[in-house]
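Now for the letters of each chain:
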Amino acid sequence: MVSVTQHRMPRKRTYLICPPEHFAVEYAINPWMDTATPVDTELALKQWTGLRETLLSLGHEVHVLPPEPGLRDMVFAANGAFSVDGTVYGARFKHPQRTAEAALHREFYDRLGWRYVAPSETNEGEGDFAYLPEAYGGLVLAGYGYRTDPAAHAEAQEVLARPVVSLHLTDPRFYHLDTALASIDDSNIAYFPTAFSSASQTVLRQLFPDAIVAADADALAFGLNLVSDGRNVVLPAEATGLAKQLAAAGYRPVPVELAELKKGGGSIKCCVAELRP
Ligand code: ARG
């Protein structure tokens, strides 16, 4: 019997999301995408609207990026940039089908007057970067192996002036860091160890001895593709085991149904970019 020993405090967040109005699977750039499986865009939009309402009901500020016809994956707003302390490290997509998204994110930050640094190296924003403001004085975790080039990790460290820990993703189903690891508050993570090389697993155990370790079924349900405000953890409804683990650790799981977007290889976190002023 696990007892709840901690009362977790939420912190108000600012998010950027983009409606899946033009979402479709017309190319396959990750193992979840199958161009032969039909996508119900109406259903995707309905589920996404539920996500937006959930974020708003938790008291967060939510910006909406206008979707662009032809950019099928633009709903996955997390990939558009990565910001820390008001500095935005821009994205540079690996696949040509998504290249044009980076400039649309840039325009958004420019309108807000944020400092935007255009990258030289290939990186997919918050898909492969996570930030923990209270871990080791402010730590960036960064994934590589499928999308983001390790050279972008060094570039991000120079741009953001925070230590960046490189983690090697080794299972193609977990092709972005945010499919296998999530910050659940300012200093702790939940993750799926076997998505990482054994050396990276050792590094994560050393840095985060109190991490929540997800089971296979929850990881495959994209349970780690979650968004947390430090107390409320918005996660895919299917990830019931992880929800129980989070509750036992004092967090409040908030399940959201987003299964239609799984056909694109993403879930909740993929759809939500956090803006860190
Ligand atoms: N179809 C998109 C791609 O392969 C999904 C992106 C998911 N986003 C994420 N942050 N994991 O690029």
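Heads up: the structure comes first, above all this text.
So, how was this worked out
Residues numbered from 1 in each chain as written. Predicted model: local features only at pLDDT ≥ 70, side-chain atom pairs only at ≥ 80, totals over all residues. Heavy atoms only, no water. Helix = DSSP H or I, 4+ residues; strand = E, 2+ residues; numbered from the N terminus. Rg over C-alpha atoms; globule rule 2.2 N^0.38 Å. Buried < 20%, exposed > 50% of the residue type's maximum accessible area, 1.4 Å probe, protein only. Areas by Shrake-Rupley, 256 points an atom, 1.4 Å probe, with all protein chains shown as cover. Near = heavy atom within 4 Å. Polar contact = N/O pair within 3.5 Å; in protein donor to acceptor, adjacent residues only side chain to side chain. 1 Å grid on protein atoms, 1.4 Å probe; cavity = no way out; pocket = protein on both sides within 12 Å on 5 of 7 lines; lining within 4 Å. Sits in = over half its atoms within 2 Å of the grid points. Nonpolar A, V, L, I, M, F, W, Y, C, P; charged D, E, K, R; others polar. Pairing = 2+ DSSP bridges. Axes fitted to C-alpha atoms, helices over the stretch in contact; angles between N-to-C directions. Contact = heavy atoms within 4.5 Å.

Participant: Got a sec to walk through the overall build of the protein? Specific residues and values, please.
Facilitator: Regarding its fold elements, the protein presents 6 helices and 15 strands. Relative to the globule expectation of 19 Å for 277 residues, the C-alpha radius of gyration of the protein, 17 Å, shows essentially globular dimensions. Overall size of the protein, expressed as C-alpha extent along the three principal axes, is 50 × 40 × 35 Å. Within the protein, the proportion of its 277 residues that are buried is 57%. Surface summary for the protein: the accessible area is close to 11,100 Å², and the carbon and sulfur share equals 51%.

Participant: Explain the site of the ligand residue by residue, including any values.
Facilitator: Around the ligand there are 15 residues in total, and Arg-98, His-176, Asp-178, Gly-264 and Cys-270 lie nearest to it. Side-chain polar atom of Arg-147 to an oxygen atom of the ligand: 2.8 Å apart, as the coordinates give it. About the coverage of the ligand: the protein hides 100% of its 350 Å² of free accessible area. Mapping the ligand onto the cavity grids shows that it belongs to the second largest cavity. Considering only residue class, the shell around the ligand consists of 5 nonpolar, 6 polar and 4 charged.

Participant: Quick rundown of unusual backbone geometry? Include the residues and the values.
Facilitator: Within the chain, Asp-85 stands out as a residue other than glycine whose phi angle is a positive 50 degrees. Within the fold, Asp-85 resides in the loop between β3 (81-84) and β4 (87-90). Note on Asp-85: relative accessible area 45%, which makes it partly exposed. The backbone of Tyr-136 sits at a positive phi, close to 55 degrees, despite the residue not being glycine. In this structure, Tyr-136 sits in the loop between β6 (129-132) and β7 (139-144).

Participant: I'd like a rundown of the sheet that holds β6, residues and numbers included.
Facilitator: Spatially, 3 strands are ordered β6-β7-β8 in an open sheet, and the strand pairing comes out mixed. Since the sheet does not close on itself, it has two edges, and those belong to β6 and β8 (164-168), each with one partner. Across the sheet, the mean angle from the axis of one strand to that of its neighbour is 25 degrees, orientation sign disregarded. By the bridge criterion, 4 bridges tie β6 to β7 in an arrangement that is antiparallel. Its bridge partner being in β7, Ala-130 is matched across the sheet by Leu-141. Here helix α4 (residues 198-207) sits on the sheet and contacts β7 and β8; the angle it forms with β8, its principal contact strand, is near 140 degrees.

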